[in-house]
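Structural description and commentary
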Amino acid sequence: MLLLLPLVFGGCSVLRGAQLWAPESYGLEWAAPGLYVETGMATQQRTEMVAAMAWAETAIRRAYGEVLSTPIVNACMSEACYKRFGGKGSMAKVYGNRILISPRGLNGHFIAHEWSHAELQKRLTLSGYFRLPSWFDEGVAVAVSEAPEHSEAHWQYLESHNVPRPDRVELMSLQSLSQWLDAVHRYGEHLNPQRMARGEPRVAPVYGAAGHEIRPWLAVAGTAGLLSVIDALNVGDDFTTVYR
């Protein structure tokens, strides 16, 4: 049932994402088990994507102890392909157990990021899913993925260059997906494609803040702590108490 949640709460983007349930009808082709790629992707790049999926699966297992989810990865070489499935500006997206990767995110880091979302959904009950704070969901994905774009080094760059970014209180107020997306827009992360086109560095203040919060927590709490939070969400316990 959790796989239906994105279709319930999304808009036009998610309706386009529903096309991923029939990828071969919309310009993708089977490349390997669990992997579809844009038609025309070179053999070498397909091989690299298979290796990236293996890296991402290892990252998920390391964080969660085992891998329960089996997402299908759909890799786009062109922005036109990414937009066709509802992607715009972001590096990657996940619709239930369908991962969509942009041409800017064709690596294990961003597969692992979206896979973490799919893994959490797989482990949560419906009520648990509704209690999941978006900042925690994203923070775990950032920590698991180890993407340089959201790393501690990037956070230090934001601090040293005085780039506006949410503090801990504001971060933890981002409970719902809409609140999270509003913050991403408010801090200008959606403008990164334009920045990169101008030769400017991309910035990720909101994702960076989530990673900065979760990395040290996960280092101490480990897999047991992460699973405890998931269990707490599923039985209705107070998230903040368990997280602390």
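The text that follows walks through the structure, step by step, so that each part is easy to find.

1. What to know about the sheet that holds strand β1 (residues 28-32)
With mixed pairing, the five strands of this open sheet are ordered in space as β1-β2-β3-β5-β4. Looking at which strands have only one partner, the edges of the open sheet turn out to be β1 and β4 (92-95). Sheet twist, expressed as the mean angle between neighbouring strand axes with direction ignored, is 25°. In the sheet, β4 pairs with strand β5 (residues 98-101) via four bridges, with the strands oriented antiparallel. Residue pairing for β5: Y95 is matched across the bridge by R98. With respect to the sheet, helix α3 (residues 43-64) is in contact with β1, β2 (35-38) and β3 (72-75), its orientation differing from that of β2 by roughly 145°. Relative to β4, helix α5 (residues 108-123) is tilted by about 25°, and along the sheet it contacts β3, β4 and β5.

2. Considering the packing of aromatic side chains
Going through the model one piece at a time under the given rule, you end up with eleven aromatic pairs. Where F136 meets W217, the ring centres are 5.6 Å apart and the plane angle is 80°; that geometry is what we call edge-to-face. With a gap of 81 residues between them, F136 in helix α7 (residues 134-145) and W217 in helix α12 (residues 205-235) connect regions that are remote in the sequence. An identical accessibility class is assigned to F136 and W217; each is buried.

Parameters and conventions
- Residues numbered from 1 in each chain as written.
- Predicted model: local features only at pLDDT ≥ 70, side-chain atom pairs only at ≥ 80, totals over all residues.
- Heavy atoms only, no water.
- Pairing = 2+ DSSP bridges.
- Helix = DSSP H or I, 4+ residues; strand = E, 2+ residues; numbered from the N terminus.
- Axes fitted to C-alpha atoms, helices over the stretch in contact; angles between N-to-C directions.
- Contact = heavy atoms within 4.5 Å.
- Phe/Tyr/Trp six-rings, centres within 6.5 Å; stacked < 30°, edge-to-face > 60°.
- Buried < 20%, exposed > 50% of the residue type's maximum accessible area, 1.4 Å probe, protein only.

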